[in-house]
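The lines below spell out each chain.
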Amino acid sequence: MFSLFRRNPLQNAAELAYRRIVEQARRPGFFSASGVPDTLDGRFELICLHAFLFLHRLKREVPPAAQLGQRLFDTMFADFDRSLREMGTGDLSVGREVKRMAQAFFGRIDAYERGLSGGDAVLKLALARNLFGTVTAEETALDAMVRYVRRESAQLRQQAIAELLAGQIAFGQPPSTASRPQEASAS
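Rules used in this analysis
- Residues numbered from 1 in each chain as written.
- Predicted model: local features only at pLDDT ≥ 70, side-chain atom pairs only at ≥ 80, totals over all residues.
- Heavy atoms only, no water.
- Helix = DSSP H or I, 4+ residues; strand = E, 2+ residues; numbered from the N terminus.
- Buried < 20%, exposed > 50% of the residue type's maximum accessible area, 1.4 Å probe, protein only.
- Contact = heavy atoms within 4.5 Å.
- Core = buried A, V, L, I, M, F, W, Y, C linked by side-chain atoms within 4.5 Å.
- Axes fitted to C-alpha atoms, helices over the stretch in contact; angles between N-to-C directions.
- Left-handed = near helix turned anticlockwise from the far one by under 90°.
- Nonpolar A, V, L, I, M, F, W, Y, C, P; charged D, E, K, R; others polar.
- Parallel < 35°, antiparallel > 145°, perpendicular 65-115°, else oblique.
- Expected span 1.5 Å × (residues − 1).

Draft legend 1. How the structure looks around the environment of Arg100. Relative to the elements of secondary structure, Arg100 occurs in helix α5 (residues 91-117). Taking the C-alpha atoms as reference points, Arg100 and Val122, 22 residues apart in sequence, are found 24 Å from one another.

Dropping the structure here:
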């Protein structure tokens, strides 16, 4: 059957890239071995981190990379909107929550950009504040995540842009040598 509406290849690529980002963010090793909190916050942070890595790679490319980046952002936040509604967030609050999440994501982008261009201490601080924000991470967990982020950034630079523009992101294994962080004590 012929369709009057053709899917946009960039939209298809954005949806595939987002699925790959979410699949990577849900890998059990981040929670069991690396100690990222297995909570809504921890999952959000892992999605943000992996979306950042992909967008960081795309920003070095010519069009249509920027358009794909925008479509990925739109796809990601449409999913966040849907998820909030499924969790029972009221219609009047969803917009405000999505805006808060977008501001948080832009803050992560800035922090991770500075972390990648700065030394490991800068990246470690950004990861401790964001990715492990609700727990106190052990140094071994932070060090493992710093190595992971740098490794994945380098690996994405090696991936062919044609594959990335088709949404074919290949992430590596989560860190597996880190200790579990300790729960932050309530004061």
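There's more to say after this.
Draft legend 2. Main features of the environment of Arg7. With respect to the helices and strands, the residue Arg7 is situated in the segment before α1 (9-25). Assessed through its relative accessible area of 49%, Arg7 is described here as partly exposed. Among residues more than four places away in sequence, those in contact with Arg7 are Asn12 and Glu15.

Draft legend 3. Region of the structure containing the nonpolar core. Formed by 56 residues in total, the largest nonpolar core has its most connected members in Phe54, Phe77, Leu127, Leu131 and Phe132. Residue assignment for this core shows that the elements contributing at least two residues are α1, α2 (28-32), α3 (40-58), α4 (65-86), α5, α6 (120-129) and α7 (139-158). For this core, the element with the highest residue contribution is α3, accounting for 11 residues. If we ignore the near neighbours within four places in the chain, the residues touching Phe54 are Ala17, Ile21, Leu68, Leu72, Leu156, Leu164 and Ile169.

Draft legend 4. Up close: the packing of α3 against α7. Where α3 meets α7, the closest approach of the two axes is 9 Å, and the angle between their N-to-C directions is 35 degrees. Along this stretch, α3 crosses α7, giving a crossing that reads as right-handed. Facing α3, whose interface residues are Leu49, His50, Leu53, Phe54, His56 and Arg57, α7 presents Met145, Tyr148, Val149, Glu152, Ser153, Leu156 and Arg157. Looking at the contact of α3 with α7 residue by residue, the class counts come to seven nonpolar, three polar and three charged.

Draft legend 5. Local environment of the packing of α3 against α5. One way to put it is that α3 packs onto α5 with a least axis distance of 10 Å and a crossing angle of 55 degrees. One element, α3, and the other, α5, form an angle in the oblique class. Once α3 is placed against α5, the crossing between them reads as right-handed. For the pair α3 and α5, contact is made by Phe44, Glu45, Cys48, Leu49, Ala51, Phe52, Leu55 and His56 and by Met101, Ala104, Phe105, Arg108, Ile109, Tyr112, Glu113 and Leu116, respectively. A breakdown of the residues in the contact of α3 with α5 according to their chemical character gives 12 nonpolar, one polar and three charged.

Draft legend 6. Region of the structure containing α5. If you check α5, its first and last C-alpha atoms are 40 Å apart, about what 27 residues at 1.5 Å a residue would give, namely 39 Å. By the burial criterion, the buried members of α5 are Val94, Val98, Met101, Ala102, Ala104, Phe105, Arg108, Ala111, Tyr112, Glu113, Gly115 and Leu116. Those residues of α5 that are buried lie in contact with α3, α4, α6 and α7.

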